[in-house]
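Spelled out, the chains give:
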Amino acid sequence: MHYNKFKGIELSHLAMGCMRFPQKGEGWGMPIIHDEAQEVIDHCMANGINYYDTAYVYHHGESETFLGEAMKKYPRESFYYADKYTMNAEPDYKKQFATQLERLQTDYIDFYLLHAVGDNTIDRYITNGCIEYFLELKAQGKIKYLGFSFHGSPDALRKMTARHDWDFAMIQLNYFDFWHCGHDDFYHHLQEKNIPIMIMEPVHGGLLANLTDEGNALLKAARPDKSIASWAMRFFFDLPGIATILSGMSNMEQTEDNLATFSENEPLSDEEKEILKKASTLLYESIAAKCTACKYCLDNCPANLDIPYLLTTYNNYKTGGGAWRLNRLLALPESERPEACVHCHICVNDCPQNLDIPSLMKEMEEILAKVQK
């Protein structure tokens, strides 16, 4: 296992994300299959993984409890816990932190994060007193490093990094989001601020483990010895500023594949990057609204909507993530949201890509209405 230096300690390049343990049944957060999950944990520990990331809500709270039991056999100094304050699940940050210590069976948490900071939550995180309280805990040694996980817009990220001198930040990043969804902006901003980066969703929640048939064929022709998912991991191997890369390993097969990829620690060659871009573009074109942000649609919109911004957010949702990807729209005034579209179809005539923008606005409006229920 390769290790990265972080403020005087060493973090395994590959980290265990504890949101997708082996579970009973389909769907998010089902009950954990304890013996299978313990086997994965033990294999990770045996192969040098020392960073374990959980949260108050993962597996409906069972993730923390299971992890506390699973790690009892190992010396506490041999691994690092990462956990998160999830404001929407339990606003009382003092109560939530105390519960987490109890669940994890520990008296300190190494890496603590404000969970899922976004445009519609950032102001509450900044003003509800949690930051000041967690800084007190850090001074007491109950938190070693304080950071945040992020699911918002570039403006919200800049607002967050201006609020405090954070020890680290966790962002969703993968080659698909980097090349097609504007997440390279997040990466470059954190680099400029010299904030170490933890990567989540490097395989985009499984989306990048199986591309289009043509895209898969391109990657297999270039490297028949590599899994499709391994390309997503190798994308990061020559990016500076990354402290660790989380993977939610749901079975032993995924674990073995990741360990093989990280033990080789082989970055993509320039030729492989070009092949991966072609495969990624094929996937993007198969599932996203093909907005190029040319802005031709803006001049004649009677509602003065920022259509490229709305479509970028739509693509973030459509390309794999769930309705939470639209949460940033809830931070906008109602006059700037998709429901403000008057369906005049002027934008359709102005769009070089001939996108049916009013239909996309209607779809987003319906999804947002469900999110707010």
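Quick summary incoming for the structure in this document. Since the model is a prediction, treat every value here as computed from it, not as a measurement. (Residues numbered from 1 in each chain as written. Predicted model: local features only at pLDDT ≥ 70, side-chain atom pairs only at ≥ 80, totals over all residues. Heavy atoms only, no water.)

### What to know about the overall build of the protein
Stage number 1. Along its length, the protein carries 16 helices and 10 strands.
Stage number 2. Taking 373 residues into account, the globule formula puts the C-alpha radius of gyration at 21 Å, and the protein, at 21 Å, falls close to it.
Stage number 3. Dimensions of the protein, computed from the C-alpha atoms along their principal axes, are close to 65 × 55 × 40 Å.
Stage number 4. For the protein, the residues scored as buried account for 54% of the 373 residues in total.
Stage number 5. Taking as baseline every contact in the protein between residues at least 6 positions apart, the subset at least 24 positions apart corresponds to 73%.
Stage number 6. With the model as given, the accessible surface of the protein reaches about 16000 Å², and the carbon-plus-sulfur share is 49%.
Stage number 7. For the protein, the distance from the average site of its 35 positive side-chain charges to the average site of its 53 negative ones is 3 Å. (Helix = DSSP H or I, 4+ residues; strand = E, 2+ residues; numbered from the N terminus. Rg over C-alpha atoms; globule rule 2.2 N^0.38 Å. Buried < 20%, exposed > 50% of the residue type's maximum accessible area, 1.4 Å probe, protein only. Contact = heavy atoms within 4.5 Å. Areas by Shrake-Rupley, 256 points an atom, 1.4 Å probe, with all protein chains shown as cover. Lys, Arg positive; Asp, Glu negative; His and termini not counted. Charge placed at Lys NZ, Arg CZ, Asp CG, Glu CD.)

### Quick look at the side chain of His-59
Stage number 1. In this structure, His-59 sits in the loop between strand 4 (51-53) and helix 2 (62-70).
Stage number 2. Here Met-19 takes part through its backbone oxygen, which lies 3.2 Å from a polar atom of the side chain of His-59. (Polar contact = N/O pair within 3.5 Å; in protein donor to acceptor, adjacent residues only side chain to side chain.)

### Quick word on the side chain of Ser-153
Stage number 1. Of note, Ser-153 is situated in the loop between strand 7 (143-150) and helix 6 (154-163).
Stage number 2. A residue is classified by how much of its surface remains accessible, and Ser-153, at 4% relative accessible area, is buried.
Stage number 3. Residue contacts for Ser-153: discarding those within four places in its chain leaves Asp-119, Phe-186, Tyr-309 and Arg-328.

### Some details on helix 16 (residues 357-371)
Stage number 1. Between its terminal C-alpha atoms helix 16 stretches 21 Å, which fits the 21 Å expected from 15 residues at 1.5 Å a residue.
Stage number 2. Of the residues making up helix 16, those classed as buried are Ile-357, Pro-358, Leu-360, Met-361, Met-364, Ile-367 and Leu-368.
Stage number 3. Residues of helix 16 that are buried make contact with helix 13 (307-318), helix 14 (327-330) and helix 15 (346-350). (Expected span 1.5 Å × (residues − 1).)

### Some thoughts on the environment of Met-45
Stage number 1. Take Met-45: it is sitting in helix 1 (residues 34-46).
Stage number 2. Its relative accessible area of 15% is what places Met-45 among the buried residues.
Stage number 3. Measuring from C-alpha to C-alpha, the distance between Met-45 and Phe-79 comes to 8.4 Å, with 34 residues separating the pair along the chain.

### Examining the packing of helix 2 against helix 3 (residues 93-104)
Stage number 1. It is the contact of helix 2 with helix 3, at a shortest axis distance of 7 Å, that shows an interaxial angle of 40°. Put simply, helix 2 runs oblique to helix 3. Contacts between helix 2 and helix 3 pair Glu-64, Thr-65, Leu-67 and Gly-68 from the former with Gln-100, Arg-103 and Leu-104 from the latter.
Stage number 2. Along the lines of polarity and charge, the residues of the contact of helix 2 with helix 3 split into 2 nonpolar, 3 polar and 2 charged. (Axes fitted to C-alpha atoms, helices over the stretch in contact; angles between N-to-C directions. Parallel < 35°, antiparallel > 145°, perpendicular 65-115°, else oblique. Nonpolar A, V, L, I, M, F, W, Y, C, P; charged D, E, K, R; others polar.)

### Thoughts on the packing of aromatic side chains
Stage number 1. A complete count under the given rule lists 30 aromatic pairs for this structure.
Stage number 2. Note on Phe-97 and Tyr-112: the rings are 5.1 Å apart at their centroids and 80° apart in plane angle, and the pair reads as edge-to-face. A residue pair is termed long-range when its members are at least 10 positions apart, and Phe-97 in helix 3 and Tyr-112 in strand 6 (residues 109-117) qualify at 15 residues.
Stage number 3. Its relative accessible area of 3% is what places Phe-97 among the buried residues.
Stage number 4. Accessibility expressed as a relative area gives 0% for Tyr-112, which makes it buried.
Stage number 5. An aromatic cluster of at least three residues, connected via ring pairs, comprises Tyr-85, Tyr-93, Phe-97, Tyr-112, Tyr-125, Tyr-133 and Phe-134.
Stage number 6. Here the basic side chain of Lys-7 rests over the ring of Phe-6, its NZ or CZ set 5.7 Å away from the ring centre.
Stage number 7. One residue, Arg-234, lies across the ring of Trp-231, its end atom 5.7 Å from the ring centre. (Phe/Tyr/Trp six-rings, centres within 6.5 Å; stacked < 30°, edge-to-face > 60°. Lys NZ or Arg CZ within 6 Å of the ring centre and 35° of its normal.)

### A word on the pairing of strand 10 (residues 242-247)
Looking along a regular strand, one sees the side chains alternate between the two faces of the sheet.
Stage number 1. Counting buried positions along strand 10 yields 6 of 6 residues, so the element is predominantly enclosed.
Stage number 2. Across 3 bridges, strand 3 (residues 14-17) lies against strand 10 in parallel orientation. Its bridge partner being in strand 10, Leu-14 is matched across the sheet by Ile-245.
Stage number 3. Here 3 bridges tie strand 9 (residues 197-200) to strand 10, and the two strands are oriented parallel to one another. In the sheet register, Ile-199 faces strand 10, and the bridge partner there is Ile-245. (Pairing = 2+ DSSP bridges.)

### Some details on the nonpolar core
Stage number 1. With 82 residues, the main nonpolar core has Met-16, Ile-41, Tyr-52, Leu-114 and Phe-134 as its most contacted residues.
Stage number 2. Within the second largest apolar cluster, 25 residues are counted, among which are Leu-311, Val-348, Leu-360 and Leu-368. (Core = buried A, V, L, I, M, F, W, Y, C linked by side-chain atoms within 4.5 Å.)

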